[in-house]
Amino acid sequence: AEIKDSLIFNYITPYFISPHQSKTLYHGGNFVFKSVDRGNTWKVISPNLSLSSIREKKSFALGALAESKMGKGLLYAGTDKGTCWVSKNDGNNWEEISLGLSNSYIRSICPSRFVKERVYLAMTGINHDDLRHYLYVSEDYGKNWTSIADGLPDEPVNVILEDPSKENILYAGGLRGVYISTNRGKDWSYLGNQMPAASIADLEIHEPTMDLIAATHGRGIYKIMGSLRDEI
């Protein structure tokens, strides 16, 4: 793709190492960039994704970027104003999948490990004083979105994570802690003890031990042991 617009990046700029090739990196501003040599060289693999067919969703830049572990080159990108995109061919073509989503900041996209067409998405409106919760799932690559926020406190959600070994278990990081669902978002419960009421910035599972790691907005890091999670 040819860049005809200025390059713009959000303060929290999404990037990741491909789960399919350790030398391949993806990086997102208002365009998506790809490197196959650990960042020595980059190429543009998208048009300007801040531009939406919906006027109210015209954005600044990407807030989230992810690749499916079930499909090499199955990419999802989301902006700070609720514009969402999917590419099924590693950026050669992009389809907007924004209908049904709030005009809020997409902070987290989690493609499923169990169903290729399934993807989860978390977004927050805190940047414009909207403190409600926004959490979605799609079963068809984002063509249709369903809210799975019921049962969570009505407060911003920063991250959604699917358990790598149990399809029905989801984790959500919100404004004041970590929540768990054992039925793919139909119900939610507060997870664990001794976690301060801190905003959760990110969640990750360390797969060798299956420990759940939570990073907070206050630069704290907490974990719950995989052995404790096995009791769920």
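Whatever comes next refers back to the structure up there.
Since the structure is predicted, the reported quantities are computational estimates derived from the model, not experimental observations.

Draft legend 1. Spatial organisation of the sheet that holds strand 16 (residues 189-190). Within the open sheet, the four strands sit side by side as 13-14-15-16. Their pairing is antiparallel. Looking at strand neighbours, the two that pair on one side only are strand 13 (157-162) and strand 16, the edges of this open sheet.

Draft legend 2. Broad picture of the state of the cysteines. With the rule as written, the count across this model stands at zero disulfides. The thiol sulfur of Cys84 is not disulfide-bonded, and the nearest other cysteine sulfur, from Cys110, lies at 13 Å. We classify Cys110 as buried; its relative accessible area is 11%.

Draft legend 3. The arrangement of the pairing of strand 5 (residues 62-67) in detail. Burial within strand 5 is extensive, with six of its six residues counted as buried. Judged from the five bridges that link them, strand 5 and strand 6 (residues 75-79) form a sheet pairing that is antiparallel. In the sheet register, Ala64 faces strand 6, and the bridge partner there is Gly78.

Draft legend 4. Expanded view of the pairing of strand 10 (residues 119-125). Burial analysis of strand 10 places seven of its seven residues in the buried class, which makes it a mostly covered element. Burial along strand 10 is two-sided: the residues Val119, Leu121, Met123 and Gly125 and Tyr120, Ala122 and Thr124 are all buried. Examined bridge by bridge, strand 9 (residues 105-111) and strand 10 share six bridges and lie antiparallel to one another. Note that in strand 10 the partner of Ile106 across the bridge is Met123. Two elements, strand 10 and strand 11 (residues 130-138), share six bridges in a ladder whose sense is antiparallel. Pairing of Met123 across the sheet is with Tyr134, part of strand 11. The loop that links strand 10 with its antiparallel partner strand 11 comprises four residues; one of these, Asp129, has a positive phi angle of about 60°.

Draft legend 5. Highlighting the nonpolar core. Tyr76, Ile106, Ile109, Leu121 and Trp145 are the most contacted members of the largest nonpolar core, which has 17 residues in total. Put simply, the parts of the chain that give this core at least two residues each are strand 5, strand 7 (84-87), strand 9, strand 10 and strand 11. Ranked by residues supplied to this core, first place goes to strand 10 with three residues. Residues Ile180, Leu191, Leu203 and Ala214 belong to the second largest nonpolar core, which totals 15 residues.

Rules of the game
Residues numbered from 1 in each chain as written. Predicted model: local features only at pLDDT ≥ 70, side-chain atom pairs only at ≥ 80, totals over all residues. Heavy atoms only, no water. Pairing = 2+ DSSP bridges. Helix = DSSP H or I, 4+ residues; strand = E, 2+ residues; numbered from the N terminus. Disulfide = S-S within 2.5 Å. Buried < 20%, exposed > 50% of the residue type's maximum accessible area, 1.4 Å probe, protein only. Core = buried A, V, L, I, M, F, W, Y, C linked by side-chain atoms within 4.5 Å.

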